[in-house]
2 protein chains.
Amino acid sequence: MADRLDSTRAVGVMTDEVLVALRRIMRGVDLHSRALMTSCGLTAPQLIVLRELAEAKLPVGVLARRVSLGQATVTGIVDRLQARGLVERIRSDEDRRSVIVAITRDGRRIVRKAPSLMQDRFQREFASLQPWEQSQILSSLQRVVSMMETPDDEEAPMLGVTMDVVAPGRDA
Amino acid sequence: MADRLDSTRAVGVMTDEVLVALRRIMRGVDLHSRALMTSCGLTAPQLIVLRELAEAKLPVGVLARRVSLGQATVTGIVDRLQARGLVERIRSDEDRRSVIVAITRDGRRIVRKAPSLMQDRFQREFASLQPWEQSQILSSLQRVVSMMETPDDEEAPMLGVTMDVVAPGRDA
DNA sequence: TCGATTTGATTTGTACACGATTTATATTGG
DNA sequence: CCAATATAAATCGTGTACAAATCAAATCGA
């Protein structure tokens, strides 16, 4: 019964379970994001960005790196935030290519009363764990991150998924 | 610079790090999905759906539950798969509201030569860990899942791996 | 100084992913 | 038998998220 996938090597079994857990986590985060949306009008990424800006005004590029998102994505998020008057764009005097994003008074007010990024349930349960369990979970997650992100983070050359399907010549 | 987060309560510090790790993982999964796209023309969700269909033709609703996605999302994925001729839609004779999705010969061929869902790198690194590390990671992830999903909501049928911990009952 | 390159941001196009609504078909109640 | 209800899928609207193309400003080179 376990051999439905011809390509399933022994190692695949547990990897698949990891994958399933990952997908369920992603789904959970997404669903919470939507719940947030209906409760306070902000999605998780929007709130993350806003929180970052609550600490300091930043140019878009720096902001993107801070929140681990692409520049294009952040531009869209800032668009929506700006439409609600929660942030403002200021062209830098130093470098007129650069757009500084700053939180507004309204934005600050919303950040202050916004619920936590993760559901209360998660916070509560996580907090109730023993410290060693908390660090174990954190380090496991970080281990997964390190296995997923390229080590010498050159960003592009990791497309090594290709078995023989595609030619690796990306620079040509 | 360490006091920028003065507004976070003690419990928030580690939770935030968990969150960051989670987001980086999600980003990693997404990036891999795109790499997959360029290498074999299929994204991860498409491949997941196709794999499921390689085992049996299914109505859209059942398919959606099997892969833990919404019905609307699966409709879109099936649209794109169908446009490439990898699946076909068949209206059920029994119940003409129902649309059975079946994999085609081309679809089966692609599934066969598609790379694993996760990069080789992840597979290799995960496999190279000590067994106790593997189970620690898996159980940490599953712990996170259980903290995130509301007990009410359980049920998500997952991608067929069902071993322990979650959802004992496979389907009928 | 003027072109070429680089760099920051936006735009465009594709693909998820969801809830809500709509459409088509079944089933049931009167 | 037909209206009311229920269900399956498709469609619509919103919001991520990315790469690629584009635009605009700065900087470098000749």
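All residue numbers refer to position in the chain's written sequence, counted from 1. Note on labels: chains are lettered from A, ligands numbered from 1, in written order. Totals for whole chains, interfaces and linings use every residue, but because this is a predicted model, local features are given only for residues with pLDDT of at least 70 and side-chain atom pairs only at 80 or more, for both listing and counting. Derived side-chain values reflect all non-hydrogen atoms in the structure, with water molecules and hydrogen atoms excluded from consideration.

## So, the protein's contact with DNA strand D
Next, step 1: Whether a residue is near a molecule or strand is decided by its heavy atoms; if any one of them lies within 4 Å of it, the residue is near. In the vicinity of DNA strand D there are 29 residues, among which T43, Q46 and G70 of chain A together with R27 and R89 of chain B approach most closely.
Next, step 2: If you look at DNA strand D and keep only atoms within 4 Å of the protein, 73% of those are sugar or phosphate atoms.
Next, step 3: G70 of chain A places a polar main-chain atom, nitrogen or oxygen, 2.7 Å from a phosphate oxygen of DNA strand D.
Next, step 4: Polar contact is the term for a pair of N or O atoms within 3.5 Å; when the atoms are in protein, one must be able to donate a hydrogen and the other to accept it, and sequence-neighboring residues count only if both atoms are side-chain atoms. Taking R96 of chain A, its main chain carries an N or O atom lying 3.0 Å from a phosphate oxygen of DNA strand D.
Next, step 5: In terms of residue count, the dominant contributor to the surface near DNA strand D is helix α1 (residues 10-40) of chain B (five residues).
Next, step 6: Residue composition of the surface near DNA strand D, by class: ten nonpolar, eight polar and eleven charged. We count a stretch as a helix when DSSP gives it H or I for four or more residues in a row; a strand needs E for two or more, and each element gets its number in order from the N terminus. Charged residues are taken to be Asp, Glu, Lys and Arg, nonpolar residues to be Ala, Val, Leu, Ile, Met, Phe, Trp, Tyr, Cys and Pro, and polar residues to be all remaining types, Gly included.

## Some details on the protein's contact with DNA strand C
Next, step 1: Taken together, 28 residues sit near DNA strand C, with R27 and G61 of chain A together with T43, G70 and R80 of chain B positioned nearest.
Next, step 2: Expressed as a percentage, the sugar and phosphate content of the atoms of DNA strand C within 4 Å of the protein is 75%.
Next, step 3: Measuring from a phosphate oxygen of DNA strand C, one finds a side-chain N or O atom of Q71 of chain A at 3.1 Å.
Next, step 4: Secondary-structure elements contributing two or more residues to the surface near DNA strand C are α1 (10-40), α3 (60-66) and α4 (71-83) of chain A together with α2 (44-55) and α4 (71-83) of chain B.
Next, step 5: Residue composition of the surface near DNA strand C, by class: ten nonpolar, eight polar and ten charged.

## With respect to the confidence of the model for chain A
Residues and elements named next belong to chain A.
Next, step 1: Taken as a whole, chain A shows an average pLDDT of 77; of its residues, 77% reach a score of 70 or greater.
Next, step 2: pLDDT runs from 0 to 100 and stands for how confident the predictor is about each residue. Mean pLDDT values over the elements of chain A span from 78, in α1, up to 96, in strand β3 (residues 99-103).
Next, step 3: Any two residues whose heavy atoms approach within 4.5 Å are treated as being in contact. Considering only residues more than four positions removed or in separate chains, one finds that residues 151-172, a stretch of pLDDT under 50, has 21 contacts.

## Here we look at the environment of R91 of chain B
All names here are of chain B.
Next, step 1: Position of R91 among the secondary structure elements: in strand β2 (residues 87-91).
Next, step 2: As a C-alpha pair, R91 and I48 span 43 residues in sequence and 22 Å in three-dimensional space.
Next, step 3: Those residues within four positions of R91 in sequence are excluded, and the remaining contacts are R96, R97, S98 and V99.
Next, step 4: Within the structure, the side chain of R91 is placed 2.9 Å from the backbone oxygen of R96, a separation counted as a polar contact.
Next, step 5: At a separation of 3.3 Å, a polar atom in the side chain of R91 contacts the main-chain carbonyl oxygen of R97.

## Observations concerning the sheet that holds β3 of chain A
Residues and elements named next belong to chain A.
Next, step 1: At least two bridges found by DSSP between two strands are what make those strands a pair. The sheet built from three strands is open, its strands ordered β1-β3-β2 with antiparallel pairing. What marks the edges here is a single partner per strand, and that holds for β1 (58-59) and β2 (87-91).
Next, step 2: Pairing of β1 with β3, which is carried by two bridges, proceeds in the antiparallel orientation. By the bridge assignment for β3, P59 is matched with I100.
Next, step 3: Packed onto the sheet, helix α2 (residues 44-55) meets β1, β2 and β3 and runs at close to 90 degrees relative to β3.
Next, step 4: In this analysis, axes come from line fits to C-alpha atoms, helices being fitted only over the stretch in contact, and the angle between any two N-to-C directions falls in the range 0 to 180 degrees. Sheet strands in contact with α4 are β2 and β3, and its direction is about 115 degrees off that of β2.

## Comments concerning the pattern of salt bridges
Residue and element names in this part refer to chain A.
Next, step 1: Every case where a carboxyl oxygen of Asp or Glu lies within 4 Å of a side-chain nitrogen of Lys or Arg is listed as a salt bridge. For the structure shown, the criterion picks out twelve salt bridges over all chains.
Next, step 2: For R34, the salt bridge goes to D30, with nearest N and O atoms at 3.0 Å. With R34 and D30 both in helix α1 and four residues apart, the pair spans about one turn of that helix.
Next, step 3: Exposed residues in this analysis have more than 50% of their type's maximum accessible area, buried residues have under 20%, and partly exposed residues fall in between, with area computed by a 1.4 Å probe over protein chains only. Residue classification places D30 among the partly exposed positions, given a relative accessible area of 34%.

## A few points about the packing of aromatic side chains
All names here are of chain A.
Next, step 1: Pairing of aromatic side chains requires ring centres within 6.5 Å, counting the rings of Phe and Tyr and the six-membered ring of Trp. Pairs whose planes differ by under 30 degrees are stacked, by over 60 edge-to-face, and all others tilted. Within the structure shown, the criterion is met by one aromatic pair over all chains.
Next, step 2: Their ring planes at 10 degrees and their centres at 5.8 Å tell us that F122 and F126 sit as a pair that is stacked. Of this pair, F122 and F126 both sit in helix α6 (residues 120-128), four residues apart, which is roughly one turn of the helix.
Next, step 3: Residue classification places F122 among the buried residues on the basis of a relative accessible area of 0%.
Next, step 4: We classify F126 as buried; its relative accessible area is 0%.

## Here's the deal with the packing of α2 of chain B against α4 of chain B
Residue and element names in this part refer to chain B.
Next, step 1: For the pair α2 and α4, the least separation of the axes is 10 Å and the interaxial angle reads 80 degrees. Compared by their axis directions, α2 and α4 come out roughly perpendicular. On α4, the residues that touch P45, Q46, V49 and L50 of α2 are I77, R80 and L81.
Next, step 2: In terms of residue class, the contact of α2 with α4 is built from five nonpolar, one polar and one charged. Throughout this description, any angle smaller than 35 degrees is read as roughly parallel, any larger than 145 degrees as roughly antiparallel, any in the 65 to 115 degree range as roughly perpendicular, and the remainder as oblique.

## Observations regarding the pairing of strand β3 (residues 99-103) of chain B
Residue and element names in this part refer to chain B.
Next, step 1: Extensive coverage of β3 is indicated by the burial of five of its five residues.
Next, step 2: In this sheet, β3 lies alongside β2 in antiparallel orientation, the contact comprising five bridges. Considered in β3, the bridge of V87 is made with I103.

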